[in-house]
Amino acid sequence: MKTRSSSSVVNELAAKLRRDIALGTLLPGARLNIEALKREHKVSHPSIREALALLAGEGYVSSEGNKGYRVLDSSFEDLSDATRLRAELECLGLQWSAANSTPEWRANVVAAHHMLSEVEEDMIDDPKGFVIEWDERNFQFHKTLISNCNSPRLMDTVANLYDLTRRYRLMAYSIAHKNHRDWLLKSAEEHVQLKNLAIDGDMEAACRLLREHTTKNVDQEGATLFNVPMGQ
């Protein structure tokens, strides 16, 4: 049976590799040399293989049989498909949550937005330094919006789709470029509106904004990562 310490080593290594892939330190298509990773991170071969198998299951790397592993290639089609599906499911979850609206849910939405708004300010000056924290708080806010839907399966599916697109989002938002400040300011404004619309129960406006807010990132991230025209 795997010990607690070995499990911790695997999870810590997977987190480091996940961050390196998400931030573009390990580039799409790069081959992952197990011996080199063993030396760099000072862990055993089994721990390396377990960590890579975990990342393969999450969609960060692909197994090449006896040849080892490679960072999964970027795909605009994959990003677009997962993002648009996530937007539709989040809208459904938000509608169900609002139908079951409670004081606790509304208070949680306000609290999650407050936590997100704090790091949004930090992201403007230091995107690479705060992008991981920003993405985690962004997920918590979106998760809280649908947390009252009473559908664990829907919430798990949204979480998986968010995770599948995480590396695209982190790479795009950690790059300082001429549109960066505008991206963040617009995103922050939309988060305020989503919070208010959810609390007020205006689901027609909330879902319309949520779709636009979520799917516009396909254009933004695609423009940065795949050199496609920036959406307006």
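This is a predicted model, so every value here is computed, not measured. (Residues numbered from 1 in each chain as written. Predicted model: local features only at pLDDT ≥ 70, side-chain atom pairs only at ≥ 80, totals over all residues. Heavy atoms only, no water.)

Description of the sheet that holds strand S1 (residues 31–32)
Let me state the cut-off plainly: Pairing between two strands is assigned when DSSP locates at least 2 bridges connecting them. The helix and strand labels rest on DSSP assignments: H or I over at least four residues marks a helix, E over at least two residues marks a strand, and numbering proceeds from the N terminus. In this description, contact between two residues means that some pair of their heavy atoms is separated by no more than 4.5 Å. In this analysis an axis means a line fitted to C-alpha atoms, helices contributing only their contacting stretch, and an angle means the value between N-to-C directions, from 0 to 180 degrees.
Strand order in the open sheet formed by three strands is S1-S3-S2, with antiparallel pairing between adjacent strands. Strand pairing shows two members of the sheet lacking a second neighbour, S1 and strand S2 (61–63), which therefore form its edges. Bridging between S2 and strand S3 (residues 69–71) involves three bridges; their strand directions are antiparallel. By the bridge assignment, valine 61 is partnered in S3 with valine 71. Against the sheet, helix H3 (residues 45–58) engages S1, S2 and S3, with an angle of about 50° to S3.

Observations regarding helix H8 (residues 166–173)
Note the threshold: Relative accessibility under 20% of the residue-type maximum defines a buried residue, over 50% an exposed one, and the middle range a partly exposed one, all with a 1.4 Å probe and only protein chains included.
Taking burial as the measure, the eight residues of H8 include eight buried ones, the bulk of the element. Those residues of H8 that fall on the buried side of the exposure criterion are Arg166, Arg167, Tyr168, Arg169, Leu170, Met171, Ala172 and Tyr173.

Digging into the confidence of the model for the protein chain
The condition that has to hold: How sure the predictor is of each residue is captured by pLDDT, a score from 0 to 100.
Looking at the protein chain, the pLDDT average stands at 87 and 91% of residues meet or exceed 70. Between the elements of the protein chain, mean pLDDT differs from a low of 81, seen in H8, to a high of 95, seen in helix H5 (residues 103–125). Across residues 228–232, confidence stays below pLDDT 50; counting only partners more than four residues off in sequence or on other chains, it has ten contacts.

With respect to the pattern of salt bridges
Under the convention used in this document: Salt bridge, as applied in this entry: a Lys or Arg side-chain nitrogen positioned within 4 Å of an Asp or Glu carboxyl oxygen.
Taken as a whole and assessed by the stated rule, the structure comprises twelve salt bridges. A salt bridge links arginine 70 to glutamate 64, with the shortest nitrogen-to-oxygen separation between them at 2.8 Å. A residue is classified by how much of its surface remains accessible, and arginine 70, at 23% relative accessible area, is partly exposed. For glutamate 64, a relative accessible area of 26% gives the class partly exposed. Arginine 169 is the partner of aspartate 135 in a salt bridge, and the nearest nitrogen-oxygen pair spans 2.6 Å. With aspartate 135 in helix H6 (residues 127–145) and arginine 169 in helix H8, the pair connects residues that are 34 residues apart, well separated along the chain. Considered together, aspartate 135 and arginine 169 belong to a single accessibility category, that of buried residues. Linked by salt bridges that have partners in common, Asp135, Glu136, Arg166 and Arg169 make up one network.

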